[in-house]
Amino acid sequence: MTPYVVLEDLDKHYAEGTTHRQVVLSGVSAQIDRGSLVAIRGRSGSGKSTLLNLIAGLDIPDRGSIRVGGENLHAMTDRARTLFRRRHCGFVFQFFNLIPVLTVRENVMIGLELNAFDDDTASRKTRELLATVHLADRADSFPDQLSGGEQQRVALIRALAHEPRLLLADEPTGNLDATTELEILDLIRRLPGERNTTVIIATHSELVAGHADRVLLLGSGKLTGS
Ligand SMILES: Nc1ncnc2c1ncn2[C@@H]1O[C@H](COP(=O)(O)OP(=O)(O)OP(=O)(O)O)[C@@H](O)[C@H]1O
Ligand SMILES: [Mg+2]
C-alpha cells in the first residue's frame, strides 16, 4: 500500500513565558496507508490534538517533516498550504466546531462553497448529509440550539461534505451516547472502503479504537504501535 501521510522525526514543544518549556512530541515518525483508518490513543495531554493540528498544517513542527499525498506541507507557501488543506483535508475539531452565527445548513454548506461547488449541488449534498445523521429537520437551527452530540454530528458531515482524501477527527464521538457513537463510527468506518479516504482519529474510546485498522499510542512524546 502507498502511504498517504508520512511523518518524519517530528519535534514539537510549547513555551509559556521564559521558564515553562514543554516538549510534547519528540522524534515522532509514522507512515499511514492510503485508505486506512488509524486511531491515535494516549492520555489526556499526551499530544494527540497537537499531532492532528500538525498533520492538518494548522501548526508548524520545530523539526521534522510531514508529507500528505506526496506533498511536503511545510515546503509550501502559507497560501498553498491553506488551499491544499481546504481541498484535501476534512477536520473535526475537539472543541468549538461550529460557527455560532450560522445555521446548521450554513455550517455544512460553507466548506462546499469554499471549494467552489455550485449552490444547487451544495444544497443537495447538505440535505443528503443531514439526513444521514438524522438531522434533516434541524437545518435551520443554530448550533447553540443543538445538543453536544448533535453538534458533533454536524461537525462530522461538514468535514466530509467536500469528500476530502484525508479526514482528521479529534475525539469525534466524545459527547455521544453508545448508539449514536456507533452510527457515527459506521459512517466514518465506511469511508476508507467507499472513497479510499485516509482517516486519522484521536480518541479515548475503546469502541472507536476497536474499529481501527491500526491503533497508535502517543506517550512521553513518542508514537508507538502496530
Ligand atoms: N497552545 C498551547 N500552549 C501551551 N501548551 C499547550 C498548547 N496546546 C497544548 N499545550 C500542552 O501540550 C500538551 C498536549 O496537548 P494536546 O492538546 O495535544 O493533548 P491531547 O492528547 O489532545 O489531550 P486530550 O486527550 O485532553 O485532548 C498538554 O500538556 C497541553 O497543556
Ligand atoms: Mg485533544
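What you are looking at is a predicted structure, and each value in this text was computed from that prediction instead of being measured.

Student: Whenever I open this one, the side chain of glutamine 152 confuses me. Can you help?
Tutor: Mapped onto the fold, glutamine 152 is located in helix H5 (residues 148-160). Excluding its chain neighbours within four sequence positions, the residues that come into contact with glutamine 152 are Glu171, Pro172, Thr173, Gly174, Asn175 and Leu176.

Student: Sorry if this is basic, but what is going on with the pairing of strand S8 (residues 198-202) here?
Tutor: Regular strands place side chains that alternate from one sheet face to the opposite one. Of all five residues making up S8, five are buried, and the element is well covered by its neighbours. Residues Thr198, Ile200 and Ala202 point to one face of S8 and Val199 and Ile201 to the other, with burial holding for every one of them. Two strands pair when backbone bridges link them, and strand S3 (residues 37-41) and S8 are joined in this way by four bridges, in the parallel orientation. Residue leucine 37 lies in a different strand from S8, and its bridge partner there is valine 199. Direction of pairing for strand S7 (residues 166-170) relative to S8: parallel, over a ladder of five bridges. Paired with alanine 169 across the bridge in S8 is isoleucine 201.

Student: Please clarify how the environment of cysteine 89 should be interpreted in this entry.
Tutor: Position of cysteine 89 among the secondary structure elements: in strand S6 (residues 89-92). Residue classification places cysteine 89 among the buried positions, given a relative accessible area of 11%. Here the alpha-carbon distance between cysteine 89 and isoleucine 40, two residues 49 residues apart in the chain, equals 17 Å.

Student: Before we go on, may I ask you to explain the nonpolar core in this structure?
Tutor: Soluble globular proteins tend to pack their nonpolar side chains together in the buried interior. With 34 residues, the main nonpolar core has Leu156 and Leu167 as its most contacted residues. Only S3, helix H3 (104-114), helix H4 (119-132), H5, S7, helix H6 (178-195) and S8 provide two or more residues apiece to this core. Here this core gets six residues from one element, more than from any other, and that element is H5. Residues in contact with leucine 167, not counting those within four places in the same chain, are Gly90, Val92, Leu156, Ala159, Leu160, Leu191, Thr197, Thr198, Val199 and Ile200. Val28, Ile40, Val68 and Leu216 belong to the second largest nonpolar core, which has 30 residues in total.

Student: How should I be thinking about the packing of H5 against H6 in this particular structure?
Tutor: A pair of packed helices can be characterised by two numbers: the angle between their axes and the separation between those axes. Taken N-terminus to C-terminus, the directions of H5 and H6 make an angle of 10 degrees; their axes are 11 Å apart at the nearest point. The angle between H5 and H6 places the two elements in the roughly parallel class. Here Arg153, Leu156, Ile157 and Leu160 of H5 lie close against H6, whose contacting residues are Thr180, Ile184, Leu187, Ile188, Leu191 and Arg195.

Student: Just to check I follow, could you spell out the sheet that holds S7 for this structure?
Tutor: The strands making up a sheet are joined through hydrogen bonds of the backbone, oriented either antiparallel or parallel. Read across the open sheet, the six strands follow the order S6-S7-S8-S3-S9-S10; overall the sheet is mixed. Across the chains shown, the open sheet's two edge strands, defined by having one partner strand only, are S6 and strand S10 (222-225). The average undirected angle you get between the axes of adjacent strands in this sheet is 20 degrees. The strands touched by helix H2 (residues 78-88) within the sheet are S6 and S7, with S6 carrying the most contacts at an inclination of about 80 degrees. Sitting on the sheet, H5 is in contact with S6 and S7, with an inclination near 170 degrees to S6.

Parameters at a glance
Residues numbered from 1 in each chain as written. Chains lettered and ligands numbered in written order. Predicted model: local features only at pLDDT ≥ 70, side-chain atom pairs only at ≥ 80, totals over all residues. Heavy atoms only, no water. Helix = DSSP H or I, 4+ residues; strand = E, 2+ residues; numbered from the N terminus. Contact = heavy atoms within 4.5 Å. Buried < 20%, exposed > 50% of the residue type's maximum accessible area, 1.4 Å probe, protein only. Pairing = 2+ DSSP bridges. Core = buried A, V, L, I, M, F, W, Y, C linked by side-chain atoms within 4.5 Å. Axes fitted to C-alpha atoms, helices over the stretch in contact; angles between N-to-C directions. Parallel < 35°, antiparallel > 145°, perpendicular 65-115°, else oblique.

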